[in-house]
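The chain contents come next:
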Amino acid sequence: MTEVTKDLYQVKEKMYVATDCIIFGFHEGKLKLLVFKRRVEPLKGEWSLIGSFVRLDEDLEVAGKRVLKEATGLENVYMQQLRSYGKKDRDPGYRCISVAQYALIRIDDYDEKLVEEHGAKWFEIDHLPLLILDHNRMVHDALIQLKQIARYKPIGFELLPEKFTIPQLQILYEAIYQRELDARNFRKKVLSLNVLEKLDEKDKSTSKRGAFLYKFNYENYQRLLKSGYNFEIA
């Protein structure tokens, strides 16, 4: 554990710094959010994002990763800082600034037992319960940023299983953009990005003929990203 630096400021008025994690997942064609019943007062028993106070001996990003691991058991997933929320009366417990971070995880990968221990539950984005404090605002802001980033980075692949079909990918992007996409144009655009590898396997869960499976080529993606390639999909 890193030694905490002595307080040289000695300011009498202090406040808490927290981080709240907006954990997105994709399952059965729906974009979902992981929330849990708050276990402490104030607002105990209400639906909340999963969060924690930032410890004196950890960086903000580390705090977010800790919260994510404690809640889902997952590490090394896509996680980005959103923004800070600091209205003076946002938390009835005490003066507290929260820095929201959002993560994209594959629902099939998370530790179901850990999630149950936290009393957490997945809700579809279109059917979220009322969350405490300004957490609904955080989710709203995260969705806006997710849409913006998805226009130039293929972040949707972080939510899909390792092997997927083009229709499954389209359904995901429709969930992110919250609008329908033309199937023919989507397929043409996605394949033109040169970041997909076609496999000699088919998914026959929806038809006898089946649809070819693909996987994401991270090496190609990184090479094209460095070259300034435009990954806009829709």
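Analysis parameters
- Residues numbered from 1 in each chain as written.
- Predicted model: local features only at pLDDT ≥ 70, side-chain atom pairs only at ≥ 80, totals over all residues.
- Heavy atoms only, no water.
- 1 Å grid on protein atoms, 1.4 Å probe; cavity = no way out; pocket = protein on both sides within 12 Å on 5 of 7 lines; lining within 4 Å.
- Points joined across faces, edges and corners; volume = space filled by probe spheres on them.
- Helix = DSSP H or I, 4+ residues; strand = E, 2+ residues; numbered from the N terminus.
- Nonpolar A, V, L, I, M, F, W, Y, C, P; charged D, E, K, R; others polar.
- Salt bridge = Lys/Arg side-chain N within 4 Å of Asp/Glu carboxyl O.
- Buried < 20%, exposed > 50% of the residue type's maximum accessible area, 1.4 Å probe, protein only.
- Axes fitted to C-alpha atoms, helices over the stretch in contact; angles between N-to-C directions.
- Parallel < 35°, antiparallel > 145°, perpendicular 65-115°, else oblique.
- Contact = heavy atoms within 4.5 Å.
- UniProt positions renumbered as here; feature names shortened; annotations may be inferred.
- Patch = residues over 30% accessible without salt bridge, like charges linked within 9 Å, V, L, I, M, F, W, Y side chains within 5 Å.
- Areas by Shrake-Rupley, 256 points an atom, 1.4 Å probe, with all protein chains shown as cover.
- Lys, Arg positive; Asp, Glu negative; His and termini not counted.
- Charge placed at Lys NZ, Arg CZ, Asp CG, Glu CD.
- Phe/Tyr/Trp six-rings, centres within 6.5 Å; stacked < 30°, edge-to-face > 60°.
- Lys NZ or Arg CZ within 6 Å of the ring centre and 35° of its normal.

Asker: Explain the layout of surface pockets to me, please; I cannot follow it from the model alone.
Answerer: The rolling of a water-molecule-sized probe over the atoms marks out the regions of remaining empty space. Considering only enclosed or pocket space, the largest pocket measures out at about 490 Å³ in volume. Every residue lining the largest pocket is counted, 23 residues in all, and those nearest its centre are R38, V40, G51, S52 and F53. Broken down by secondary-structure element, the contributors of at least two residues to the lining of the largest pocket are β1 (16–27), β4 (50–53) and β6 (96–106). The class makeup of the residues in the lining of the largest pocket is 10 nonpolar, 7 polar and 6 charged. Approximately 410 Å³ is the volume found for the second largest pocket. When residues of the lining of the second largest pocket are traced back to their parent elements, those giving at least two are β1 and α4 (166–177). Considering each element in turn, the lining of the second largest pocket owes the most residues, 3 residues, to α4. Taken together, the residues that form the lining of the second largest pocket break down as 8 nonpolar, 8 polar and 6 charged.

Asker: Just to check I follow, could you spell out the pattern of salt bridges for this structure?
Answerer: Should the charged atoms of two oppositely charged side chains come close, the side chains can pair. Taken as a whole and judged by the stated rule, the model has 9 salt bridges. Residue E58 is joined to R66 by a salt bridge in which the shortest nitrogen-to-oxygen separation is 2.7 Å. Judged by its relative accessible area of 13%, R66 falls in the buried class. D134 is the salt-bridge partner of R90, the closest N and O atoms lying 2.8 Å from each other. Here the residue R90 occupies a position in the loop between β5 (78–85) and β6, and D134 occupies one in the loop between β7 (120–124) and α3 (135–150), the gap between them amounting to 44 residues. Each member of the pair, R90 together with D134, is buried. One network of salt bridges, in which partners are shared, links E58, R66 and E70.

Asker: Whenever I open this one, the packing of α3 against α4 confuses me. Can you help?
Answerer: What describes two packed helices is the angle between their axes and the distance between those same axes. Between α3 and α4, whose axes approach to 9 Å, the crossing angle comes to 130°. In terms of orientation, α3 and α4 fall into the oblique class. Residues L146, K147 and A150 of α3 form the contact with α4, whose own contacting residues are Y173, I176 and Y177. Of the residues contributing to the contact of α3 with α4, the split by class is 5 nonpolar, no polar and 1 charged.

Asker: Before we go on, may I ask you to explain unusual backbone geometry in this structure?
Answerer: For residues other than glycine, phi is negative in most cases, and the peptide bonds are mostly trans. The step from E41 to P42 runs through a cis peptide bond, and the omega angle for that step is 0°. Looking at the secondary structure, you find P42 in the loop between β2 (30–37) and β3 (47–48). Of note in this structure, L43 is not a glycine but carries a positive phi near 70°. Topologically, L43 is positioned in the loop between β2 and β3. Using a relative accessible area of 32% as the deciding quantity, one classes L43 as partly exposed.

Asker: What should I look at first to understand the UniProt feature "domain: Nudix hydrolase" (unreviewed entry) in the protein chain in this one?
Answerer: In the numbering used here, UniProt assigns the feature "domain: Nudix hydrolase" (unreviewed entry) to residues 14–147. Span residues 14–147 is 24% helix and 37% strand, its end C-alpha atoms 36 Å apart.

Asker: What's the story with a negative patch on the surface in this structure? I'm lost.
Answerer: Together, D111, E112, E116 and E117 make up a negatively charged patch on the protein surface. Tracing the backbone through its elements, the reader meets E116 in helix α2 (residues 112–117). On the accessibility criterion, E116 (56% relative accessible area) is exposed.

Asker: What should I look at first to understand the packing of aromatic side chains in this one?
Answerer: Each aromatic ring pair is summarised here by two numbers: the centre-to-centre distance and the angle between the ring planes. Under the defined criterion, the tally for this structure stands at 9 aromatic pairs. Here Y16 and Y94 contribute two aromatic rings whose centre-to-centre distance is 5.7 Å and whose plane-to-plane angle is 80°, an arrangement assigned as edge-to-face. You can see Y16 sitting in strand β1 and its partner Y94 sitting in the loop between β5 and β6, a full 78 residues away along the chain. With a relative accessible area of 42%, Y16 lands in the partly exposed category. In this structure Y94 comes out as partly exposed when scored by relative accessible area, which is 48%. Put simply, the rings of F157, F164, F216, Y218 and Y221 touch in pairs and so form one group of aromatic residues. The ring of F212 is capped by K198, whose NZ or CZ atom sits 4.2 Å from the centre of that ring. A cation over an aromatic ring shows up here: K202 above the ring of F212, its NZ or CZ 4.7 Å from the ring centre.

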